[in-house]
Amino acid sequence: MSDDLATGGTGQKGGELKRLRRARHGEAANAERLESGRAWSGFCRRLEARGQHLAAYPIPDSPELRAEAYRYLLGLVTSGIGTALQIADPDQPRIWRNPDSFAKWGAENADNQYLWARLRSDASYLVFGQRHGVFDFLIEVKEGFMQLGDDRVFAAITAHEMEFASDGSFEVLVSRERPKGHRGNWLEMHPDTRYLQVRQYFFDWEQESPAWFQIRQLGNEGNPPERLTPARMAELLDDAGE
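What counts and how
Residues numbered from 1 in each chain as written. Predicted model: local features only at pLDDT ≥ 70, side-chain atom pairs only at ≥ 80, totals over all residues. Heavy atoms only, no water. Helix = DSSP H or I, 4+ residues; strand = E, 2+ residues; numbered from the N terminus. Expected span 1.5 Å × (residues − 1). Buried < 20%, exposed > 50% of the residue type's maximum accessible area, 1.4 Å probe, protein only. Contact = heavy atoms within 4.5 Å. Phe/Tyr/Trp six-rings, centres within 6.5 Å; stacked < 30°, edge-to-face > 60°. Lys NZ or Arg CZ within 6 Å of the ring centre and 35° of its normal. Pairing = 2+ DSSP bridges. Axes fitted to C-alpha atoms, helices over the stretch in contact; angles between N-to-C directions. Salt bridge = Lys/Arg side-chain N within 4 Å of Asp/Glu carboxyl O. 1 Å grid on protein atoms, 1.4 Å probe; cavity = no way out; pocket = protein on both sides within 12 Å on 5 of 7 lines; lining within 4 Å. Points joined across faces, edges and corners; volume = space filled by probe spheres on them. Nonpolar A, V, L, I, M, F, W, Y, C, P; charged D, E, K, R; others polar.

Brief notes about helix α3 (residues 38-56)
- Look at α3: 26 Å from first C-alpha to last across 19 residues, which is about the 27 Å you get at 1.5 Å a residue.
- Of all the positions in α3, only Ala 39, Gly 42, Phe 43, Arg 46, Ala 49, Arg 50, Gly 51, His 53 and Leu 54 are classed as buried.
- Buried-residue contacts for α3 involve α2 (27-36), α4 (63-86) and α5 (230-240).

Brief notes about the side chain of Lys 142
- Turning to its location among the elements, Lys 142 is positioned in strand β4 (residues 136-142).
- Residues contacting Lys 142, with those up to four places away along its chain left out, are Trp 116, Arg 152, Val 153, Phe 154, Thr 193, Arg 194, Tyr 195, Gln 197 and Arg 199.

Some remarks on the packing of aromatic side chains
- Here the structure, examined in full by the defined rule, presents 12 aromatic pairs.
- Seen from their ring centres, Trp 116 and Tyr 195 are 5.7 Å apart, and the 90 degrees between their planes marks the pair as edge-to-face. One end of the pair, Trp 116, is in strand β2 (residues 112-118); the other, Tyr 195, is in strand β8 (residues 195-201), with 79 residues separating them in the sequence. Take Trp 116 and Tyr 195: they sit in the same class, and that class is buried.
- Here the aromatic rings of Phe 164 and Phe 170 are separated by 5.7 Å at their centres, their planes lie at 75 degrees, and the arrangement is edge-to-face.
- Residue Phe 170 is classed as buried on the basis of its relative accessible area of 4%.
- Chaining the aromatic ring pairs together yields one cluster made of Phe 137, Phe 164, Phe 170 and Phe 213.
- Residue placement shows Arg 118 over the ring face of Tyr 195; its charged tip is 5.3 Å from the ring centre.
- Cation over ring: Arg 131 sits above Phe 164, and NZ or CZ is 5.4 Å from the ring centre.

Observations concerning the sheet that holds strand β7 (residues 185-188)
- Ordered by their spatial adjacency, 4 strands build an open sheet running β7-β6-β3-β9, and the pairing between neighbours is mixed. The sheet is open, and its two edges are formed by β7 and β9 (212-217), each paired on a single side. Across this sheet, the average inter-strand angle for adjacent strands is 20 degrees, counted without regard to direction.
- Two strands pair when backbone bridges link them, and strand β6 (residues 169-175) and β7 are joined in this way by 4 bridges, in the parallel orientation. Paired with Ser 175 across the bridge in β7 is Glu 188.

Focus on α5
- Turning to α5, its buried residues number three or more, namely Ala 231, Ala 234, Leu 236, Leu 237, Asp 238 and Ala 240.
- Along its buried surface, α5 packs onto α2, α3 and α4.

Let's talk about the pattern of salt bridges
- One pass over the full model with this rule turns up 14 salt bridges.
- A salt bridge links Arg 38 to Glu 32; the nearest nitrogen and oxygen atoms lie 2.5 Å apart.
- Glu 32 gets classed as partly exposed once you look at its relative accessible area, which sits at 38%.
- Between Glu 235 and Arg 232 there is a salt bridge, and its shortest N-O distance comes to 2.9 Å.

Focus: the environment of Phe 203
- Mapped onto the elements of the fold, Phe 203 is located in the loop between β8 and β9.
- Phe 203 sits 91 residues away from Asn 112 along the chain, and the two C-alpha atoms are 9.4 Å apart.

Digging into the sheet that holds strand β5 (residues 153-158)
- Spatially, 5 strands are ordered β1-β2-β8-β4-β5 in an open sheet, and the strand pairing comes out antiparallel. In this open sheet, the two strands that pair with only one neighbour each are β1 (96-97) and β5.
- Relative to β2, β1 is paired through 2 bridges, and the arrangement is antiparallel. By the bridge assignment, Arg 97 is partnered in β2 with Leu 115.

Here we look at the layout of surface pockets
- Of the voids in this model, the second largest pocket is the one considered here, and its volume is about 520 Å³.
- Ala 88, Asp 89, Pro 225, Glu 226 and Arg 232 are, among the 20 residues lining the second largest pocket, the residues nearest its centre.
- Residues that form the lining of the second largest pocket fall into these classes: 10 nonpolar, 3 polar and 7 charged.

Written out as structure tokens, the structure is:
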């Protein structure tokens with residue numbers, strides 16, 4: 001069985017998990033890796049290694065369980081690719097659901113819905129939307145994914161603590177400092193903040209409906225995304241296969 005395991009699923013957490021993650025390459029090395037095809041080959045080899053690990057893992061007399069293991073792995077691959085494609089750009093942020101009914105990370109609550117957006121701590125963001133009929137929700141700014149060791153949560157606000165308009169709409173300012181005179185909903189970003197996460201809580205699935213969320217970076221409205229470079233694409237492939 002291969003010793004080259006995925007970072008998550010080892011029973012470790014925090015700094016222990018971070019030490020298992022591969023060292024990252026510099027910009028010049030990443031550009032060469034992408035243009036030579038080595039970055040893509042490395043991504044594919046990591047997927048192959050995960051499949052070999054499952055194939056060798058002892059699951060006696062349970063072909064259905066092994067099939068479920070491969071489906072679980074396929075969900076992890078979906079999450080990794082989605083993280084690299086959907087929420088990689090903090091200057092053009094978007095709200096993305098992860099995990100969902102088919103792509104699981106493990107440890108999620110069955111009565112929660114999880115939404116993510118990528119942030120950078122030197123920018124300011126406006127999260128806005130409509131509460132609808134959800135029982136409650138929690139908005140957090142955090143370091144990253146706890147399954148990869150990035151488990152610090154820096155600040156949070158719940159729906160019960162927020163101010164809403166009469167029609168259920170809301171806005172939350174997310175920034176390093178609270179602007180002078182600002183009296184609305186606010187969430188403070190730590191310098192190490194990299195992600196925003198929303199946890200929606202449901203008590204009665206038949207009667208409640210999810211809240212609606214959008215996000216934009218303040219001061220960057222209307223600007224196109226930066227051009228994708230070979231070095232950045234190599235980084236995204238590394239992120240997808242983490």
